[in-house]
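Structural overview for review
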Amino acid sequence: MKLQWKTLALAAALTLPGLAAQADPIVIKFSHVVAADTPKGKAAEYFKKLAEERLKGRVKIEIYPNSQLFKDKEELEALQLGSVQMLAPSLAKFGPLGVKEFEVFDLPFLFDNYQELHKVTYGAIGQGMLQKLESKGITGLAFWDNGFKQMSANKPLHGVADYKGLKMRIQASKVLDAQMRALGSNPQVMAFSEVYQALQTGVVDGTENPMSNFYTQKMHEVQKHVTLTNHGYLGYAVIVNKKFWDGLPEDVRTALNQSMFNATQYANTIAQKENEEALAKVKASGKTVVYEPTVAERNEMKKALVKVHDQMDDRVGLELVKKIYKETGFDPAKL
């Protein structure tokens, strides 16, 4: 009888709040569509490491790279439904969701360098944009850099005329659609996971990407030419399901926020380095000719693309564009 009572007492004790450490950990599924060895992939793993160390078994973060769970077009809906808790989609993904302001980051030649960019993403403008996601059942945590984009194709891309008639893969963004049309190209919306095969089979002629994506997805094997245009920015917003986030214990949210802050610093520090290393590897492969535009060629491209800013004012918000111009010092009239 004494043994039976001891067994019952132990079972009861294990259910007490004070023994919460014995409970199953909170699982956070973090899904993304790029390779694990990209800046985003490495930052996700770093976030996992920090969060799990700080929360000592209370949280388990499962990372799913390379569209293992969901493709581009599926992941945001999956997050809203609670099928996954955390994502880091590219900023262009929020336009189709109804938060068109995020497409401002797609405007060509809006930022000349990371310093100008971070004035926006680290500042009041960026935080205000993240807050606009709340109405969609999403909480925005941070902006992560990938880098500045380069153009690639199976023919040399020097002047604007070289883009005419090319089928160029883009993300689902009205701004990127207008960008390619301004160059005389035919934009083709396509999931990131499908791009390599589309390039390999000629379904599309070329695309735009930071070098880290270009190299890790092996696009240099199926693209003969890449031009270092640095014409646009590709970044991500790290987001969570709002209902899930709001339901977490406050101390868990605090630890996760601190881990995200540190992971963001890490992500944005390595992004430029990773792109520089990827460019060197593409050059070393000998499979793709890398071209650096002249000052005149770059200015020609800027003049051709700055009209996209005016075309998209109504979509992304004229006041937002003006605020970013003021923050960065960009003046389209000087081109």
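Thresholds applied
Residues numbered from 1 in each chain as written. Predicted model: local features only at pLDDT ≥ 70, side-chain atom pairs only at ≥ 80, totals over all residues. Heavy atoms only, no water. Helix = DSSP H or I, 4+ residues; strand = E, 2+ residues; numbered from the N terminus. Buried < 20%, exposed > 50% of the residue type's maximum accessible area, 1.4 Å probe, protein only. Pairing = 2+ DSSP bridges. Axes fitted to C-alpha atoms, helices over the stretch in contact; angles between N-to-C directions. Contact = heavy atoms within 4.5 Å. Core = buried A, V, L, I, M, F, W, Y, C linked by side-chain atoms within 4.5 Å.

Here the focus is unusual backbone geometry. Phi angles above zero are rare outside glycine, and Ser 67 is one such case at about 60°. Along the chain, Ser 67 turns up in the loop between strand E2 (59-64) and helix H3 (72-81). Its relative accessible area of 14% is what places Ser 67 among the buried residues. Despite not being glycine, Asn 230 has its phi angle at roughly 50°, a positive value. For Asn 230, the position within the fold is in the loop between strand E9 (225-227) and strand E10 (233-241). Classification of Asn 230 as partly exposed rests on a relative accessible area of 31%.

Right, let's talk about the sheet that holds strand E7 (residues 186-189) for a bit. Strand pairing within a sheet occurs via backbone hydrogen bonds; the two strands may be parallel or antiparallel. Taken together, six strands build an open sheet; the order of strands is E7-E6-E8-E5-E9-E11 and the sheet is mixed. Where the open sheet ends on each side, the last strands, each with one partner, are E7 and strand E11 (289-291). The mean angle between the axes of side-by-side strands here comes to 25°, regardless of whether they run parallel or antiparallel. As paired strands, strand E6 (residues 167-170) and E7 are joined by four bridges and run parallel to one another. The partner of Lys 167 across the bridge, within E7, is Asn 186. Helix-sheet contacts for helix H7 (residues 174-182) involve strand E5 (150-153), E6, E7 and strand E8 (206-209), and the interaxial angle to E6 is about 160°.

In terms of nonpolar packing, the biggest core is built from 56 residues, with Phe 94, Phe 102, Val 104, Phe 105, Phe 111 and Ile 239 touching the most fellow members. The biggest single contributor to this core is H7, with five residues. Apart from residues lying up to four places away in sequence, Ile 239 is in contact with Leu 76, Leu 79, Gln 85, Met 86, Leu 87, Pro 89, Phe 94, Leu 133, Ile 138, Thr 139 and Gly 140.

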